[in-house]
Amino acid sequence: MSAVQETVAQVRAIDVDQYKYGFVTDIESEKAPKGLSEDTVRYISAQKNEPEWMLEWRLDAYRRWLTMPEPTWARVSYPKIDFQDYYYFARPKAAPKSIDEIDPEILKTYEKLGIPLRERDALLGIESADKPRVAVDAVFDSVSVATTFKAELAKAGVIFCSISEAIREHPELVRKYLGSVVPVSDNFYATLNTAVFSDGSFVYVPPGVRCPMELSTYFRINEKNTGQFERTLIIADEGSYVSYLEGCTAPQRDENQLHAAVVELVALKDAEIKYSTVQNWYPGDKDGKGGIYNFVTKRGDCRGDNSKISWTQVETGSAITWKYPSCILRGDNSRGEFYSIAISNGHQQVDSGTKMIHLGKNTSSRIISKGISAGRSNNTYRGLVSAHKKAAGARNFTNCDSLLIGDTCGAHTVPYMEAKNASAVFEHEATTSKISEDQLFYCLQRGLSQEEAVALIVNGFVRDVLQQLPMEFAVEAQKLIAVSLEGSVG
Amino acid sequence: MNAEPKMTSRPTRTPAEQALADMLSAAPVSEAGRLGELRRAAAAAFVENGLPHRRVEEWHYTDLRALLRTVPARRAATSTPGEAVSFPNAIRVTLANGEVGPLPAELPQGVSLLTLADAIASDHPLLQRLGAAAPALYDAPLALNTALLGAGLVLHVAAGVKVARPIQVAQLFGGEAASVFTRLLVVVEEGASLSLIESFEGDGAAYLDDTVSELFIGDGAALDHVRLQAEGAAAIHLGTLVADLGRDARYDAFVLTLGAALSRLTVHGRFGGTGGHLGVRGASLLSDKRHADVTLFVDHAVAGCESRELFKTVLADSARGVFQGKIIVRPDAQKTDGRMMSQALLLSDDAEMDNKPELEIFADDVQCGHGATAGALDGKMLFYLMSRGLPREEAEMLLIQAFAGEAVEFVADLAVREVLTAHMTRWLEERHR
């Protein structure tokens, strides 16, 4: 059997059921009544003791959502979602007052996931120099259960807390920026999120501050039939810098769980935000049953001159991914980056990419996308680069590469490039290929096993993107890539 | 992508849609048989779907519903507009506003040419091919052309015949504004070869021409195709090219688009047998407010075929260029080799270029790639030439010629290439006048 045939055979035999994070945590939780109505929205708002303006904003979104059609343009297919069949709010019973009151079961969950929730654990980490400190906000189903390192961050003036807390403690900031990047009726899922979002993270970095540590959020959907609707808002004030990481997991369920998040980033003059995601939601079993529907709106606004927003994503999970982290390059000389690895296996469907909207002068953007399809999956890159009339000197470079493993998967590239300014320079290139027999043969004859060889080649294929991840996440991502393609490519 | 959702209630008809629907009901299809069915189905499809708009993905950048304001009536030509461009050594047939002029008295051995009207009247067997390779997806210009079938030509090259002289089908439009629907059916049988030239020229009248060319290239056959479009500033040109390739067939096309007020060319290339080669290249030179859209679909339905596309767009003033190209590789089309490139040069800040190269791949043992660029003339190159003593205008012309020239080079026939280059040079000179 030739090397390629062997790989193909292995892909067929792949056992997608080996999702590592598929455990269920047995804790009591409180849920809103099933289904969605104005009452659900009011319930969520009341549960979070929100001010009146917040409730109004949610209700406005809910009413608009009712009039909106579900989008159908993406290359994904799934049975019609019954939005009344989900729980829109679930939280562990007994809200914790401090970290010591957190249900030990939840703590254990996050320990299993390898997230140091307790500062003590994290501090232990510092002693071994290879583990830098990371402040974590952990979101379990609908509520944020713990945010670590708060005190130390506060010393630097950085606000890092759950969005519910921010609404209560920093209403002036929230009112000013929430919804300013992703407007209420931006799209079907963002509007739904606006109506029912339960929690998420809030970050504010004051002028001139370089955030002293990496900030991180871990999302976990635990409850059955729950939708998770988190909302993240990050504001980097003038001249500041912040790096933010996000990770996601969910237990194995036969039903499809819904995840519709909204992330808004605002970078003011000279500020920089680096946003990294390792998305590993449950992808469904080998027959395509279950898994997360990941319908996410992520957008960054380079509002000030010389600002920069960089998105890096490693997408290995979810049954369906529908996600386009974007940059609006409004400020002059602002810069947007998008680095993506999207791996699909089994019956996964990925339709992901980015939008770079050049509005300011001398703005630049860079897109590096690596798609890997295996099994019976379909992987689509969809991206828009546009330069408006006043975007003199706009510059874009796009590179999309797809790798196909096996002959039952699909890889698609749909880039849109709209240049409305003569001085804009756009370059785009895309390739699709399989692992070359030559490369495989070379590795094999050097004594590597088939799996090692393929893993090596795939890691080389995605290296440009991995390099963009913060060190400790790059290691995790590399492992994740190996796990995702296990049985097919090492 | 999910199928385009069926509109449960169509938006109200635009005046143009109404005029076209009226045109269809004024010319009801009475004939029986396959052709009659085809035409009735096409008419019904238009009545149901109307003109495409920006939510129809294939027409995203050319919103026909918004851009097509009025549709002139179909009427017999009153005056013959000018003389068609001549290509040296070519055998020429002229269609003036769709009306076929005298057919050449002598044709090379193995070549037959007849008017579509005669072919329909005699129920010619070649008509079995008409519409046979058309895409299943609804497309308004193609549907209208089929429903209003009548004007045009049928060209046949017998098996094994290598036609030495190019055959030119020259279309002229103008005089009085009219809507013209023409169809060209070309069948190049097994092992034969042909060089075909199509030209579309018109005056300043606000006419509409909807033209479809269906090309059947048999096993081992070859077709070289040149398409020159240089129409009036008020004209609307809707062109469709359907190329169906047999085993080991070769199809090389070059499309020079100087445009109309609004012009659209949809190319469907489909491989029916292994070993096929398809090359579609083009240059679009657009000035004023011209809008030209080139949309390609290359369907690798079978294994072992090769496709090459290269498009160069030069945009001056407030012109708008659109390039969409989709390479589809079906599940069994292993060993496919596909390359697509679109490059645009923007000479003005008011110009706009929209590029959408697409890959849709379902087989793993393939080599596919596409590239797209957009930008202004390279300042360094300009500086280099000017520092050598060239005036700015000349330096610009030289660079633009070199840019577009990369695509024209693929026209094998030097005499034909010269005519095309002359057209491009004239465009450049007029720009500086």
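In this text, all values refer to a predicted model and were calculated from it rather than measured experimentally. (Residues numbered from 1 in each chain as written. Chains lettered and ligands numbered in written order. Predicted model: local features only at pLDDT ≥ 70, side-chain atom pairs only at ≥ 80, totals over all residues.)

Draft legend 1. View of the overall build of chain A. When helices and strands are counted, chain A shows twelve helices and 25 strands. Contacts in chain A between residues at least 24 apart in sequence constitute 83% of all its contacts with a sequence separation of at least 6. (Helix = DSSP H or I, 4+ residues; strand = E, 2+ residues; numbered from the N terminus. Contact = placed C-beta atoms within 7 Å.)

Draft legend 2. Highlighting the overall build of chain B. Summing up its helical and strand segments, chain B has eight helices and 19 strands in all. For chain B, the proportion of its 433 residues judged to be buried stands at 52%. If you take every contact in chain B between residues at least 6 apart in sequence, the share linking residues at least 24 apart comes to 83%. (Buried ≥ 20, exposed ≤ 12 C-beta atoms within 10 Å, placed from the backbone.)

Draft legend 3. Main features of the nonpolar core. Counting residues in each nonpolar core, the largest one holds 258 residues, and the members touching the most others are Val203 and Ile273 of chain A together with Val188, Ile217 and Leu315 of chain B. The residues touching valine 188 of chain B, leaving out its near neighbours within four places in the chain, are Val157, Leu194, Phe216, Ile217, Gly218, Ala221 and Leu223 of chain B. (Core = buried A, V, L, I, M, F, W, Y, C linked by C-beta atoms within 7 Å.)

Draft legend 4. Structural view of helix 1 (residues 15-26) of chain B. Helix length check: helix 1 of chain B (twelve residues) gives 16 Å between terminal C-alpha atoms against 16 Å at 1.5 Å per residue, within 8%. At its buried positions, helix 1 of chain B is contacted by helix 2 (33-49) and helix 5 (140-147) of chain B. (Expected span 1.5 Å × (residues − 1).)

Draft legend 5. Local environment of the pairing of strand 19 (residues 349-352) of chain A. Residues and elements named next belong to chain A. Burial along strand 19 is two-sided: the residues Gln349 and Asp351 and Val350 and Ser352 are all buried. As judged from the four bridges shared by strand 16 (residues 320-323) and strand 19, these two strands associate in the parallel manner. Note on strand 19: the bridge partner recorded for threonine 321 is valine 350. Two elements, strand 19 and strand 22 (residues 378-387), share four bridges in a ladder whose sense is parallel. Paired with serine 352 across the bridge in strand 22 is tyrosine 381. (Pairing = 2+ DSSP bridges.)

Draft legend 6. Region of the structure containing the environment of leucine 329 of chain A. Along the polypeptide, leucine 329 of chain A turns up in strand 17 (residues 326-329). Leucine 329 of chain A has contacts with Cys302, Ser334, Gly336, Met356, Ile357, His358, Leu359, Gly360, Thr363 and Ser365 of chain A, leaving out every residue within four places of it along the chain.

Draft legend 7. Expanded view of the confidence of the model for chain B. Residue and element names in this part refer to chain B. Across chain B, pLDDT averages 93, with 97% of residues at or above 70. Counting contacts from residues 1-8, a segment whose pLDDT is below 50, to residues more than four positions away or on other chains yields seven contacts. Confidence estimates for the predicted assembly give a pTM of 0.87 and an ipTM of 0.86. (pLDDT = per-residue confidence, 0-100.)

Draft legend 8. Fine view of helix 5 of chain B. All names here are of chain B. Most of helix 5 sits inside the fold, with eight of its eight residues counted as buried. For helix 5, the full list of buried residues reads Ala140, Pro141, Leu142, Ala143, Leu144, Asn145, Thr146 and Ala147. Close packing links the buried residues of helix 5 with helix 1, helix 2, helix 3 (64-67), strand 6 (179-188), strand 8 (208-217) and strand 10 (236-245).

Draft legend 9. Broad picture of the packing of helix 1 of chain B against helix 2 of chain B. Residue and element names in this part refer to chain B. Axis separation between helix 1 and helix 2 bottoms out at 10 Å; the angle between their running directions is 155 degrees. Between helix 1 and helix 2, the angle is such that the two are roughly antiparallel. Helix-helix and strand crossings are classified by hand; for helix 1 and helix 2 the assignment is left-handed. Listed contacts from helix 2 to Leu20, Ala21 and Leu24 of helix 1 are Ala43, Phe46 and Val47. Of the residues that constitute the contact of helix 1 with helix 2, the class distribution is six nonpolar, no polar and no charged. (Axes fitted to C-alpha atoms, helices over the stretch in contact; angles between N-to-C directions. Parallel < 35°, antiparallel > 145°, perpendicular 65-115°, else oblique. Left-handed = near helix turned anticlockwise from the far one by under 90°. Nonpolar A, V, L, I, M, F, W, Y, C, P; charged D, E, K, R; others polar.)

Draft legend 10. The arrangement of the interface of chain A and chain B in detail. Opposite the 35 residues of chain A that make contact, chain B presents 35 residues. For the side of chain A that touches chain B, the secondary structure elements donating two or more residues are strand 24 (410-419) and strand 25 (425-434) of chain A. Partitioning the side of chain A that touches chain B into residue classes produces 15 nonpolar, twelve polar and eight charged. Here strand 24 of chain A runs beside strand 18 (residues 352-361) of chain B; their pairing, made up of six bridges, is antiparallel. Each residue of the ladder has a partner; that of threonine 413 of chain A, found in strand 18 of chain B, is leucine 359 of chain B.

Draft legend 11. The arrangement of the environment of alanine 374 of chain B in detail. The topology assignment puts alanine 374 of chain B in strand 19 (residues 367-375). Under the C-beta neighbour-count criterion, alanine 374 of chain B is labelled buried, with 32 such atoms within 10 Å. The spacing of alanine 374 of chain B and alanine 344 of chain B is 30 residues in sequence and 4.6 Å in space, taken between C-alpha atoms. With residues up to four places along the chain from it excluded, the contact list for alanine 374 of chain B reads Met417, Ala419, Ala424 and Phe426 of chain A together with Ala344, Leu346, Met353 and Asn355 of chain B.

Draft legend 12. Focus on unusual backbone geometry. All names here are of chain B. The phi dihedral of asparagine 89 falls on the positive side, at around 75 degrees, and the residue is not glycine. Structurally, asparagine 89 is set in the loop between helix 3 and strand 1 (91-96). Given 13 C-beta atoms within 10 Å, asparagine 89 falls into the partly exposed group. Residue aspartate 317 is not a glycine yet carries a positive backbone phi of 50 degrees. Mapped onto the fold, aspartate 317 is located in the loop between strand 15 (306-315) and strand 16 (320-329).

Draft legend 13. Region of the structure containing the packing of helix 2 of chain B against helix 5 of chain B. Residues and elements named next belong to chain B. The N-to-C vectors of helix 2 and helix 5 enclose an angle of 135 degrees; their axes lie 8 Å apart at closest approach. When the axes of helix 2 and helix 5 are compared, the pair comes out oblique. The two elements helix 2 and helix 5 cross, and the hand of that crossing is left-handed. Contacts from Leu38, Arg39, Ala42, Ala43, Ala45 and Phe46 of helix 2 reach helix 5 at Ala140, Ala143, Leu144, Thr146 and Ala147. Partitioning the contact of helix 2 with helix 5 into residue classes produces nine nonpolar, one polar and one charged.

Draft legend 14. View of the environment of glutamate 214 of chain B. Residue and element names in this part refer to chain B. Tracing the backbone through its elements, the reader meets glutamate 214 in strand 8. Linking glutamate 214 and glycine 33, residues 181 residues apart in sequence, is a C-alpha distance of 20 Å. Once residues within four sequence positions are removed from consideration, glutamate 214 is found in contact with Leu130, Ala133, Leu185, Val186 and Val242.

Draft legend 15. Region of the structure containing the pairing of strand 7 (residues 193-202) of chain B. Residue and element names in this part refer to chain B. Judged by how many residues are buried, strand 7 sits mostly within the fold: nine of ten residues are covered. Inspection of the sheet shows strand 5 (residues 167-173) paired to strand 7 by seven bridges, in the parallel sense. Paired with leucine 172 across the bridge in strand 7 is glutamate 201. Bridge analysis of strand 7 against strand 9 (residues 222-230) gives nine bridges, and the strand direction is parallel. Opposite serine 195, over in strand 9, you have aspartate 224 as the bridge partner.

Draft legend 16. Spotlight on the confidence of the model for chain A. Residue and element names in this part refer to chain A. With 77% of its residues at a pLDDT of 70 or more, chain A has an overall mean of 81. Counting contacts from residues 1-17, a segment whose pLDDT is below 50, to residues more than four positions away or on other chains yields 35 contacts. This model gives residues 118-132 a pLDDT under 50, and the stretch forms 16 contacts once residues within four places in sequence are excluded.

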